[in-house]
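Observations on the three-dimensional arrangement
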Amino acid sequence: MRISAAPDSPDALDSPDALAPLLAAVRDAVGDVPALLSLARDIGRTAPRPGEGNTARLWELLASVTAVDVAAGRVLEPHLDAVAILAQAGVERGDGAADRTTDAAWGVFAAEGPGLRLEATADGTGKYILNGSKPWCSLAAQLDGAVLTAHLAAGDPASGETGSGGPSGGRAAFAVDLHAPGVSCETPQWTSRGLREIPSGTVHFDGVSAVPVGGTEWYFQRPGFAWGGMGVAACWFGGAVAVARDFSSALAAAADKGREPDQIALAHLGETDRIITAVAGYLARTAERIDAGELSGSGAWSEALRVRGTVVAAVERIQEVVARNMGPGPLAFNETYGKRMADLSLYIRQHHAMRDDAQLGALTLKGDRSW
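First things first, this report covers the structure right here in the doc. (Residues numbered from 1 in each chain as written. Predicted model: local features only at pLDDT ≥ 70, side-chain atom pairs only at ≥ 80, totals over all residues. Heavy atoms only, no water.)

Our focus in this paragraph is the pairing of strand β4 (residues 145-152). Most of β4 sits out of view: eight of its eight residues are buried. As paired elements, strand β1 (residues 106-109) and β4 share four bridges and run parallel to each other. Following the sheet pairing, phenylalanine 109 is matched in β4 by leucine 148. Of the strand pairs in this sheet, strand β2 (residues 118-122) and β4 are connected by two bridges, and their pairing is parallel. Paired with glutamate 119 across the two strands is histidine 151, which belongs to β4. The sheet contact formed by β4 and strand β5 (residues 171-177) spans seven bridges and is antiparallel. Along β5, the bridge assignment pairs glycine 145 with aspartate 177. (Buried < 20%, exposed > 50% of the residue type's maximum accessible area, 1.4 Å probe, protein only. Helix = DSSP H or I, 4+ residues; strand = E, 2+ residues; numbered from the N terminus. Pairing = 2+ DSSP bridges.)

This paragraph deals with the pattern of salt bridges. One pass over the structure, following the stated rule, counts 17 salt bridges. Among the salt bridges present, the one from arginine 45 reaches aspartate 42, with a minimum N-O distance of 2.6 Å. Across the pair arginine 289 and glutamate 303 runs a salt bridge whose closest N-O atoms are separated by 3.3 Å. A residue pair is termed long-range when its members are at least 10 positions apart, and arginine 289 in helix α7 (residues 263-291) and glutamate 303 in helix α8 (residues 299-326) qualify at 14 residues. A relative accessible area of 31% places arginine 289 in the partly exposed class. (Salt bridge = Lys/Arg side-chain N within 4 Å of Asp/Glu carboxyl O.)

In this structure the tally under the stated criterion is six aromatic pairs. The ring centre of tryptophan 218 lies 5.3 Å from the NZ or CZ of arginine 222, which sits over that ring. Taking NZ or CZ as reference, arginine 369 lies 4.8 Å from the ring centre of tryptophan 371, over its face. (Phe/Tyr/Trp six-rings, centres within 6.5 Å; stacked < 30°, edge-to-face > 60°. Lys NZ or Arg CZ within 6 Å of the ring centre and 35° of its normal.)

Take α7 next. The end-to-end C-alpha distance of α7, which contains 29 residues, comes to 42 Å, matching closely the 42 Å that a straight helix rising 1.5 Å per residue would cover. For α7, the side-chain oxygen to backbone nitrogen distance between the N-cap and isoleucine 264 is 3.2 Å, and the N-cap itself is aspartate 262. In the segment just after α7, glycine 293 is the residue with positive phi, at about 85°. (Expected span 1.5 Å × (residues − 1). Polar contact = N/O pair within 3.5 Å; in protein donor to acceptor, adjacent residues only side chain to side chain.)

To continue, consider the side chain of serine 133. Considering the arrangement of structural elements, one finds serine 133 in strand β3 (residues 128-138). Taking relative accessible area as the criterion, serine 133 reaches 14% and is therefore assigned buried. With near-sequence residues (within four places) excluded, serine 133 lies in contact with Leu116, Arg117, Leu118, Thr202, Val203 and His204. (Contact = heavy atoms within 4.5 Å.)

The next thing to look at is the nonpolar core. In this structure, Trp59, Leu130, Phe205 and Phe237 are the most contacted members of the largest nonpolar core, which totals 96 residues. Among the elements that make up this core, the one with the highest residue count is helix α6 (residues 223-256) (15 residues). Once residues within four sequence positions are removed from consideration, tryptophan 59 is found in contact with Ile3, Trp227, Met230, Gly231, Ala234, Leu283, Thr286, Ala287 and Ile290. Residues Ile85, Leu86, Ala173 and Trp218 belong to the second largest nonpolar core, which totals 14 residues. (Core = buried A, V, L, I, M, F, W, Y, C linked by side-chain atoms within 4.5 Å.)

Here the focus is the environment of alanine 24. Following the sequence through the fold, alanine 24 ends up in helix α1 (residues 16-29). The sequence separation of alanine 24 and valine 68 amounts to 44 residues, and the corresponding C-alpha distance is 8.8 Å.

Phi at tryptophan 136 takes a positive value of approximately 55°, unusual for a residue other than glycine. With respect to the helices and strands, the residue tryptophan 136 is situated in strand β3. Residue classification places tryptophan 136 among the exposed positions, given a relative accessible area of 55%. The phi angle at alanine 353 is positive, at roughly 50°, despite the residue not being glycine. Relative to the elements of secondary structure, alanine 353 occurs in the loop between α10 (335-347) and α11 (354-365).

Right, dumping it as structure tokens:
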């Protein structure tokens, strides 16, 4: 799937020779989470990392995998994000889970929830001990490790020490082995039709050792936080392209049977094409700016909010016009199409809608804009 503005080349990630076998493997693994995690581990060994010159190729990979199956993209993206986070922090070789970066299946757990709190206390050896609970931990029981955020314990006598490069006060990121003693994963009652194979439950930590990843607030302040958020948007975009392909294929199949599309259907297909073309161009330009070092400062998060909001609006519009044209039949009887629509509808709810726009508006009012 083309996001990069560069011309085709034999080794491009979205060239048939490079991506076709991978996408075929993804297609064969749909619904099989262990197989998808195995593919994620394999891909993570060679996939580009954001900000290292091939960001567009990374986003093409994420979009292309998600276009095959939204849940597959939902498995791949956090693994690649975790590997990139560890590399950005220089923790590619460390203790515990961080010592198996290329061989482990990783997740990223940064969500907070009411009534739940995860605290980290320095143990005096450069490591930290985790106690508490973390919500929205997707596939935790099937992962090997996670990069997660935790609050530095109030009154921790070691919280002022930074000689080991560890955090001091506030909230920080840690690498943790999810197979370690003291880790327990709840099995959530996942009633959603969307992303049924990727339930997100609460994980409890009772005296679990963890390795610090960056300093206090580093996780949120690094430009990679914004880049990772845009990588998720690339997945959303791939899901929207797949929905658009469903629409185009349905119109073509009907035409082959003598039912030519009317002007309304053609107008909606044309609108869909305009949206996809515009968003692909925007992602390509943004990826180029990341690699050029233009989005490594304070403006990175503003751009992430623009990208994510723009992609979500595109996804919602494409889903709306396609659903109106396709009608209830495919939703009721086409498993692939119905799954894709349900998976994508849930996935894009990671965007905070008007609250994210309000955050962007506040930054815009301060002058962080190009117009």
